[in-house]
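# Fold and geometry: a report
Below, each chain spelled out in residue letters.
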Amino acid sequence: MKNIEIIGTGMAEAKRQITNDDLANIVETSDEWITSRTGIKTRRFCGEDEDATSLAIEAAKNAIASAGVKPEEIDCVVCGTLSGEYVVPALACLVQRELGFREDIPVLDVNAACSGFIYGLEVARGLLNSTDGHIGLVIGCEHLSRLLDMEDRNTCVLFGDGAGAAIIQTTDSGVYESVLGARGGYEIAVEGPGEVRSTIKMDGKAVFKFAVEAIPKCVTTLEDKAEITLDDVDMVVCHQANSRIIDHCVRKMHADSEKFYKNMDRFGNTSAASVPMALDEVCKNGLAKVGDTLMLVGFGGGLTWAGVLIRIGEKK
Ligand code: UT7
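When its secondary structure is counted, the chain shows 10 helices and 13 strands. Relative to its length of 316 residues, the chain is compact, with a C-alpha radius of gyration of 18 Å against a globular reference of 20 Å. Once the C-alpha set of the chain is aligned to its principal axes, its extents read approximately 55 × 45 × 35 Å. Within the chain, the proportion of its 316 residues that are buried is 58%. Of all intrachain contacts in the chain linking residues separated by at least 6 positions in sequence, the fraction that spans at least 24 positions is 78%. As presented, the chain carries roughly 13300 Å² of accessible surface, and 47% of it is formed by carbon and sulfur atoms. Here the chain contributes 32 positively and 48 negatively charged side chains, and the mean placements of these two sets differ by 2 Å.

With that out of the way, let us pick up the packing of helix α3 (residues 52-67) against helix α4 (residues 91-99). The axes of two packed helices give the description: the angle between them and the distance between them. In the contact formed by α3 and α4, the axes pass within 9 Å of each other and the chain directions differ by 60 degrees. Judged by the inter-axis angle, α3 sits oblique to α4. Seen from above, α3 lies across α4 with right-handed handedness. Two secondary-structure elements touch here, α3 through Ala-52, Thr-53, Ala-56, Ile-57, Ala-60, Lys-61 and Ile-64 and α4 through Leu-91, Leu-94, Val-95, Glu-98 and Leu-99.

Time to look at helix α10 (residues 274-284). Taken across its 11 residues, α10 has 10 buried, putting it largely inside the fold. Along α10, the positions that sit buried rather than exposed are Ser-274, Val-275, Pro-276, Met-277, Ala-278, Leu-279, Asp-280, Glu-281, Val-282 and Cys-283. Taken from the residues just after α10, Gly-286 is the one with a positive phi, measuring 75 degrees.

The local shell around the ligand holds 23 residues, among which Thr-29, Arg-37, Lys-205, Asn-242 and Asn-269 are the closest. One of the side-chain N or O atoms of Arg-37 is found 2.8 Å from an oxygen atom in the ligand. Here Asn-269 contributes a side-chain N or O atom positioned 2.6 Å from an oxygen atom of the ligand. For the ligand, the protein covers 75% of the area, taking 950 Å² as the surface of the free molecule. Looking at the shell around the ligand, the elements with two or more residues in it are α2 (31-38), α6 (153-156), α7 (204-226) and α8 (243-253). No other element matches the four residues that α7 contributes to the shell around the ligand.

Bringing the pattern of salt bridges into the picture now. Applying the stated criterion to the full structure yields 13 salt bridges. Taking the shortest distance from any N to any O, the salt bridge between Arg-44 and Glu-13 comes out at 3.6 Å. Of this pair, Arg-44 sits in strand β3 (residues 42-45) while Glu-13 sits in strand β1 (residues 3-13), and the two are 31 residues apart along the sequence. For Arg-44, a relative accessible area of 16% corresponds to the buried category. A residue is classified by how much of its surface remains accessible, and Glu-13, at 37% relative accessible area, is partly exposed. Between Arg-146 and Glu-85 there is a salt bridge; the shortest N-O distance is 3.8 Å.

What follows deals with the side chain of Glu-5. Counting through the fold element by element, Glu-5 comes out in strand β1. In this structure, Glu-5 is buried with no salt-bridge partner, the nearest side chain bearing the opposite charge being Lys-316 at 4.3 Å. Only 2.8 Å separates the side chain of Glu-5 from the side chain of Gln-169, close enough to count as a polar contact. Once residues within four sequence positions are removed from consideration, Glu-5 is found in contact with Ile-167, Ile-168, Gln-169, Thr-171, Ile-310, Arg-311, Gly-313, Glu-314 and Lys-316.

Our next topic: the environment of Gly-160. With respect to the helices and strands, the residue Gly-160 is situated in the loop between α6 and β7 (162-171). Separated by 76 residues in the primary sequence, Gly-160 and Val-236 have C-alpha atoms spaced 22 Å apart. Setting aside its immediate chain neighbours within four residues, Gly-160 contacts Arg-43, Arg-44, Phe-45, Leu-144, Phe-267, Asn-269 and Thr-270.

Here we come to unusual backbone geometry. With an omega dihedral of 0 degrees, the bond running from Val-88 to Pro-89 counts as a cis peptide bond. In this structure, Pro-89 sits in the loop between β4 (76-80) and α4. The phi torsion at Ala-113 lies on the positive side, around 50 degrees, for a residue other than glycine. Phi is positive for Leu-303, close to 50 degrees, though the residue is something other than glycine. Within the secondary structure layout, Leu-303 lies in the loop between β12 (293-300) and β13 (304-312).

Using the criterion set out here, one finds one aromatic pair in the structure. Above the ring of Trp-305, the side-chain terminus of Lys-217 is found at 3.6 Å from the ring centroid.

Rules and cut-offs
Residues numbered from 1 in each chain as written. Predicted model: local features only at pLDDT ≥ 70, side-chain atom pairs only at ≥ 80, totals over all residues. Heavy atoms only, no water. Helix = DSSP H or I, 4+ residues; strand = E, 2+ residues; numbered from the N terminus. Rg over C-alpha atoms; globule rule 2.2 N^0.38 Å. Buried < 20%, exposed > 50% of the residue type's maximum accessible area, 1.4 Å probe, protein only. Contact = heavy atoms within 4.5 Å. Areas by Shrake-Rupley, 256 points an atom, 1.4 Å probe, with all protein chains shown as cover. Lys, Arg positive; Asp, Glu negative; His and termini not counted. Charge placed at Lys NZ, Arg CZ, Asp CG, Glu CD. Axes fitted to C-alpha atoms, helices over the stretch in contact; angles between N-to-C directions. Parallel < 35°, antiparallel > 145°, perpendicular 65-115°, else oblique. Left-handed = near helix turned anticlockwise from the far one by under 90°. Near = heavy atom within 4 Å. Polar contact = N/O pair within 3.5 Å; in protein donor to acceptor, adjacent residues only side chain to side chain. Salt bridge = Lys/Arg side-chain N within 4 Å of Asp/Glu carboxyl O. Phe/Tyr/Trp six-rings, centres within 6.5 Å; stacked < 30°, edge-to-face > 60°. Lys NZ or Arg CZ within 6 Å of the ring centre and 35° of its normal.

Okay, structure coming up:
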């Protein structure tokens, strides 16, 4: 099985910026509570003319441009999402239709909640290897604002909309390791279509406890598999659920906090979009360059967890 490396990234921000004070006008909360408990200051919600499809398309276009690939070179498309406008067609298929990819390629969505983008990387690696493909598009995209109960202060202050994408290519060299798992559980749940509009329900405390175990477990598993330590990793991009979760794990692992990127202050928790959005910022802000090794770590609903050790490369 060939390794994969990242050769381009992109993201799409939803139009409407929602501050903590905006939410304090809707539910009994405060900027002080949200900031101190989560590190979130603002999040973005889709505007009238935006949805998961438009965000996924924009992020994909940006990733394709940054990698310097042509649409016809894409050999598979995988999208991590739990909030596309349609159950069928898959969001990945809507991106394919809009961007004019070839028809003889696998195109599908993956629902592993907040671990969806990292699961997507592994699924894309498997598909590229099994189909003799070379270049894949992996997207993480969410329109969570339409799944929020704006009367539930336990959840409505946490989540936001957005999309991120990466272009990967297979390589015979480089570093690549992965770890995927799940416990099964209803701690974060969104019911399927029914008479009542579905909204996100979450047992925040239980998920927090799960998350602070999941991140170190992914990191140490990847370190062991690759026979490296975090010193050999240039940046770590974790799911951006809560800055206290990342701080807790950094302390527990005696790690360098500078290596753990954070942008939940501006975007909140965007589930499957959070890792690729943060990844795009890390690449665009010069925190990672060609040849660098990144660790991406996710955890979330279904009580899934996922991590990859992956290198930044250039189109061959
Ligand atoms: O992406 C999926 C992964 N999701 C996560 O990783 C989320 C993990 N969990 C968390 O990030 C945290 O558990 C939360 C941010 C959700 C909650 O923080 P917490 O420190 O665990 O707070 P809590 O749930 O224990 O609530 C403490 C208090 C409660 O009041 P009482 O019962 O002590 O009187 C809550 O009712 O804070 C209250 N509270 C709020 N107060 C003001 C809950 N939400 C709010 C709010 N504003 N928005």
